[in-house]
Amino acid sequence: MAGDSETHLKDRAENGHNTRQPFLIGVSGGTASGKSSVCEKIMELLGQNKIDRHQRQVVILSQDSFYRELTPEQKAKALKGQFNFDHPGTLMSEEYAHLLLIFMECKKNDLPLLPDVVLFEGILMFYSQEIRDLFQMKLFVDTDPDTRLSRRVLRDIGERGRELEQVLNQYITFVKPAFEEFCLPTKKYADVIIPRGADNLVAINLIVQHIQDILNVGVTKRQNGFQDVHESPRQRQPSESSRPH
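These remarks concern the structure in this document. (Residues numbered from 1 in each chain as written. Predicted model: local features only at pLDDT ≥ 70, side-chain atom pairs only at ≥ 80, totals over all residues. Heavy atoms only, no water.)

## A short note on the nonpolar core
In step 1: Core analysis: the largest hydrophobic core is formed by 22 residues, its most contacted members being I25, I42, V58, V117 and I211.
In step 2: Of all the elements in the fold, those that place two or more residues in this core are β1 (23-29), α2 (35-46), β3 (117-121), β4 (137-142) and α8 (201-223).
In step 3: Ignoring anything within four residues of it in the chain, the contact list for V117 reads P22, F23, I25, Q57, V58, V59, I211, I214 and L215. (Core = buried A, V, L, I, M, F, W, Y, C linked by side-chain atoms within 4.5 Å. Buried < 20%, exposed > 50% of the residue type's maximum accessible area, 1.4 Å probe, protein only. Helix = DSSP H or I, 4+ residues; strand = E, 2+ residues; numbered from the N terminus. Contact = heavy atoms within 4.5 Å.)

## Considering the sheet that holds strand β5 (residues 192-195)
In step 1: The strand order across the open sheet built from 5 strands is β2-β3-β1-β4-β5, with neighbouring strands paired in parallel fashion. The open sheet terminates on both sides in strands that have one partner only, identified here as β2 (58-62) and β5. Going from strand to strand, the sheet's axes swing by 20 degrees on average, the running direction of each strand aside.
In step 2: One ladder, built from 5 bridges, connects β1 with β3; its direction is parallel. Bridge pairing in β3 links I25 to L119. (Pairing = 2+ DSSP bridges. Axes fitted to C-alpha atoms, helices over the stretch in contact; angles between N-to-C directions.)

## Side note on the environment of E121
In step 1: Relative to the assigned elements, E121 resides in strand β3.
In step 2: Residue E121 is classed as buried on the basis of its relative accessible area, which comes to 7%.
In step 3: Once the C-alpha coordinates of E121 and S36 are considered, the two residues, 85 residues apart in sequence, prove to be 7.0 Å apart.
In step 4: Here E121 is in contact with V27, K35, S36, C39, I60, L61, S62 and Q63, once residues within four sequence places are set aside.
In step 5: Reaching out from E121, the side chain makes a polar contact with the side chain of S36 at a distance of 3.2 Å. (Polar contact = N/O pair within 3.5 Å; in protein donor to acceptor, adjacent residues only side chain to side chain.)

## Examining helix α6 (residues 145-160)
In step 1: Taking 1.5 Å of rise per residue, 16 residues should cover 22 Å, and α6 covers 21 Å from first to last C-alpha, within 8% of that figure.
In step 2: For α6, the complete set of buried residues consists of R148, R152, V153 and D156. End-on view of α6: buried residues confined to an arc of 135 degrees, all on one side of the axis. Opposite the packed face of α6, turned more than 90 degrees from it, sit the exposed residues D146, L154, G158 and E159.
In step 3: Among the structural elements, α7 (164-183) are those in contact with the buried residues of α6.
In step 4: Positive phi shows up at G161, right after α6, with a value of about 65 degrees. (Expected span 1.5 Å × (residues − 1). Arc of directions from axis to C-beta.)

## Remarks on a nonpolar patch on the surface
In step 1: A cluster of nonpolar residues, I157, L164, L168 and I172, forms a patch on the protein surface that exposes about 340 Å² of accessible area.
In step 2: Here the nonpolar patch takes 3 residues from α7, the largest share from any one element.
In step 3: On the basis of relative accessible area, I157 is assigned to the partly exposed category, the value being 36%. (Patch = residues over 30% accessible without salt bridge, like charges linked within 9 Å, V, L, I, M, F, W, Y side chains within 5 Å. Areas by Shrake-Rupley, 256 points an atom, 1.4 Å probe, with all protein chains shown as cover. Salt bridge = Lys/Arg side-chain N within 4 Å of Asp/Glu carboxyl O.)

## Side note on the packing of α6 against α7
When two helices pack together, you describe them by how their axes are tilted relative to each other and by the distance separating the axes.
In step 1: Close contact between α6 and α7 brings their axes to 10 Å; oriented N to C, the two are set at 135 degrees. Taken as axis vectors, α6 and α7 run oblique relative to one another. α7 is crossed by α6, and the crossing has right-handed handedness. On α7, the residues touching P145, R148, L149, R152, V153, D156 and I157 of α6 are L164, V167, L168, Q170, Y171, V175 and F179.
In step 2: Looking at the contact of α6 with α7, its residues break down into 10 nonpolar, 1 polar and 3 charged. (Parallel < 35°, antiparallel > 145°, perpendicular 65-115°, else oblique. Left-handed = near helix turned anticlockwise from the far one by under 90°. Nonpolar A, V, L, I, M, F, W, Y, C, P; charged D, E, K, R; others polar.)

## Some points on the pairing of β1
In step 1: A large share of β1 lies buried, amounting to 7 of its 7 residues.
In step 2: Along β1, one buried face is formed by F23, I25, V27 and G29 and the opposite face, lined by L24, G26 and S28, is buried too.
In step 3: Where β1 and β4 come together, 5 bridges link them in parallel fashion. Residue pairing in the sheet places I25 in a bridge with M137 of β4.

Here's what the structure looks like:
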């Protein structure tokens, strides 16, 4: 896994913090639905964004850190917007499944330090039954397709230097069909659906309050000398299928 979140966890581990089982929250939704914005808003309302990353009780992980390494041919296609990044086969599902199991089982030798709450976001977070059943809470950011498309167009042109025609071709050829086949059917597994993304402060504040309760319990238990601050995840009924479509 790559990125600042992994570095954050390892850095805190080296500083000798206690091991404890975190509360895992999956955040899914279509491309440009506002998943990252929702996670960032949660961090902001919790005040976690103002805390040194070594001391944060809540961290964000992204499915984007788990793409398989592309071959030279695939890289060439990706540069032209001709590679399907929204297909489950492009992700190293076994890698983030392993990471979540480390969190759940508190394997000290693998990752000595765990935060209190992990927000794990990605378009295919709930696609695999093995992975989605590890989350104690599942959120689905539900934003209308026109808004998502307009955001993606502006993002890809402004941040990635792509041409409008290329962006639209990629959306029609890969993004939209993949969303309808692999992502949208997983909405039924969500515990909380958040319409309008980060603009829905009512829904986000309810989630923030729940997370704050978890953090408060964790602080109290640590003050009383306990290391394992979370109960084991509740038993869930098996999902209908590992392929929801």
